[in-house]
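Listed here are the chains, written in short residue letters.
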Amino acid sequence: MRTKIFQLKENGEENEEFLRQAGECLKEGGLVAFPTETVYGLGGDALNPESSRKIYAAKGRPSDNPLIVHICRLEDLWQVASEVPPEAERIAEAFWPGPLTMILPKADRVPRETTGGLDTVAVRFPSHPAARRLIEYAGGFVAAPSANASGRPSPTEARYVQEDMEGRIDMILDGGPVGIGLESTIVDLTVRPPQILRPGFVTQDMLAQLLGQVDLDVTILRDDSGQAPKAPGMKYRHYAPKGDLTIVSGPAQKVVDYINEKASFYAARGEKVGIIGTEESLGRYRADSVKCAGSRTDEESIGRRLYRILREFDDEDVTRIYSEAFSAGGYGQAIMNRLLKAAGHKIVYLEESHT
Ligand code: AMP
Ligand code: MG
């Protein structure tokens, strides 16, 4: 299959004709990768079981790992969910359109191919203007997981979609780099209290302010071995970089010293070492490949760059990677969740020295 690649933006305006063509392609059962505010999605018609099968095949994703159904009008929530509790309406009012996915009981019209065999459905109403118009042209319901090959980081730019999906899907809509860079928050509303299955840009605090108690699945910031997975996606091996990744947590100077010591140790053994630092620390590191995740004063910048950095280390054949740790609260929860998964939960805690 030849994959058509369309540049969406022309003179700052999104090309309506490309969006219309892509919508037609989805209606006919084709697959289209498109930008959203979180990461690039790999879309198919959510109500067509054959399209969902094709998504799993293109990604190499196990077919019991369900897809998120994307809508472009709030009222369509009632078309795909059989029950919409008051909490869901309040969440929608506060955070939709936006980077948040809700789990609800599914309506009959949503095929089990789309929900990975489950009786629940994941629904999101994205805010990205091109994504919304594409969904509208496609008939209103687009199933879309992230547009990476299974086991790779979610794509934050069209060129990464191309790397993973060229020849496997009909079209890629290039809308430039995404704004957020980490996947949507997933909140399960079929349990009481509601439970976050995946942290994201909409944080636990933001949801708790709205709803009172909101729990976090225990596996999110801890090792998940031995725990029964809540979201089907949690049971599959997550993306791990080719290099062996360790996170280092502790006082700033101690972290720098520890990482530099390890870097020179492995460099002396002929290994290629990569470091993920921040603007605050970058100049103090010595290694083959030192990358800046962003500024500690701006966690959004870190979320935006994380997946690109991990892909770059793979391309550079780095064999050892050390990363600074980030705060475990607020948006840091989402960043640390992705980093911990990539590291297979390998983290070193350094103590404050008491001299
Ligand atoms: P992706 O968009 O590639 O990050 O994948 C979608 C994520 O949503 C996966 O982690 C799924 O396991 C999760 N998901 C989708 N539908 C459901 C559902 N009905 N219940 C729980 N998790 C879901
Ligand atoms: Mg994904």
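In what follows, the accompanying structure is described. Bear in mind the structure is a predicted one, so any value in this text is a computation, not a measurement.

**Let's talk about the overall build of the chain**
Step number 1: Looking only at helices and strands, the chain features ten helices and 18 strands.
Step number 2: Computed over its C-alpha atoms, the radius of gyration of the chain comes to 20 Å, within 12% of the 20 Å expected for a compact globule of 355 residues.
Step number 3: When its C-alpha atoms are laid out on the principal axes, the chain stretches across 65 × 45 × 40 Å.
Step number 4: Within the chain, buried positions represent 55% of all 355 residues.
Step number 5: Residue pairs in contact within the chain that sit at least 24 positions apart in sequence constitute 68% of those at least 6 positions apart.
Step number 6: Put simply, the chain shows about 14900 Å² of open surface, and 46% of that area lies on carbon and sulfur atoms.
Step number 7: Positive and negative charge centroids in the chain, built from 43 and 52 side chains respectively, lie 3 Å apart.

**Topic: the pattern of salt bridges**
Step number 1: Summed over the entire model, instances satisfying the criterion amount to 24 salt bridges.
Step number 2: With its nearest N and O atoms 2.6 Å apart, the salt bridge here joins Lys 346 to Asp 244. Residue Lys 346 is found in the loop between α10 (332–342) and β18 (347–349), and its partner Asp 244 is found in strand β14 (residues 244–249); the two are separated by 102 residues along the sequence.
Step number 3: A relative accessible area of 33% means that Lys 346 is categorised as partly exposed.
Step number 4: Ionic pairing is found between Arg 308 and Glu 312, a salt bridge with its closest N-O pair at 3.6 Å. Of this pair, Arg 308 and Glu 312 both sit in helix α9 (residues 299–315), separated by four residues, roughly a single helical turn.
Step number 5: The network of salt bridges with common partners includes Glu 157, Arg 159, Lys 291, Arg 308, Glu 312 and Glu 316.

**Some details on α9**
Step number 1: Relative to the 24 Å expected for 17 residues at 1.5 Å per residue, α9 spans 25 Å between its end C-alpha atoms, a close match to the ideal helical length.
Step number 2: When the local axis directions of α9 are compared, the greatest deviation, roughly 40 degrees, occurs at Arg 305.
Step number 3: The inward-facing, buried residues of α9 contact α6 (158–165), β14, β15 (273–277), β16 (289–292), β17 (320–324) and α10.
Step number 4: After α9 finishes, the residue Asp 317 shows a positive phi value of roughly 55 degrees.

**Comments concerning a negative patch on the surface**
Step number 1: Together, Glu 279, Glu 280, Asp 298 and Glu 300 line one region of the surface with negative charge.
Step number 2: Here Glu 280 is to be found in the loop between β15 and β16.

**Quick look at the packing of aromatic side chains**
By convention here, two paired aromatic rings are described through the distance between centres and the angle between planes.
Step number 1: Considering all chains together, one arrives at four aromatic pairs under this definition.
Step number 2: Plain terms: the ring middles of Phe 6 and Phe 18 are 4.2 Å apart, the flat faces sit at 5 degrees to each other, and that makes the pair stacked. In this pair, Phe 6 is assigned in strand β1 (residues 4–7) and Phe 18 in helix α1 (residues 16–27), connecting sequence segments twelve residues apart. Like Phe 18, Phe 6 is buried.
Step number 3: Judged by centre distance (6.2 Å) and plane angle (65 degrees), the rings of Trp 96 and Phe 125 are edge-to-face. Of this pair, Trp 96 sits in the loop between α4 (86–95) and β7 (100–105) while Phe 125 sits in the loop between β8 (120–124) and α5 (129–137), and the two are 29 residues apart along the sequence.

Rules of the game
- Residues numbered from 1 in each chain as written.
- Chains lettered and ligands numbered in written order.
- Predicted model: local features only at pLDDT ≥ 70, side-chain atom pairs only at ≥ 80, totals over all residues.
- Heavy atoms only, no water.
- Helix = DSSP H or I, 4+ residues; strand = E, 2+ residues; numbered from the N terminus.
- Rg over C-alpha atoms; globule rule 2.2 N^0.38 Å.
- Buried < 20%, exposed > 50% of the residue type's maximum accessible area, 1.4 Å probe, protein only.
- Contact = heavy atoms within 4.5 Å.
- Areas by Shrake-Rupley, 256 points an atom, 1.4 Å probe, with all protein chains shown as cover.
- Lys, Arg positive; Asp, Glu negative; His and termini not counted.
- Charge placed at Lys NZ, Arg CZ, Asp CG, Glu CD.
- Salt bridge = Lys/Arg side-chain N within 4 Å of Asp/Glu carboxyl O.
- Expected span 1.5 Å × (residues − 1).
- Bend = angle between axes of the 7 residues up to and from the residue.
- Patch = residues over 30% accessible without salt bridge, like charges linked within 9 Å, V, L, I, M, F, W, Y side chains within 5 Å.
- Phe/Tyr/Trp six-rings, centres within 6.5 Å; stacked < 30°, edge-to-face > 60°.

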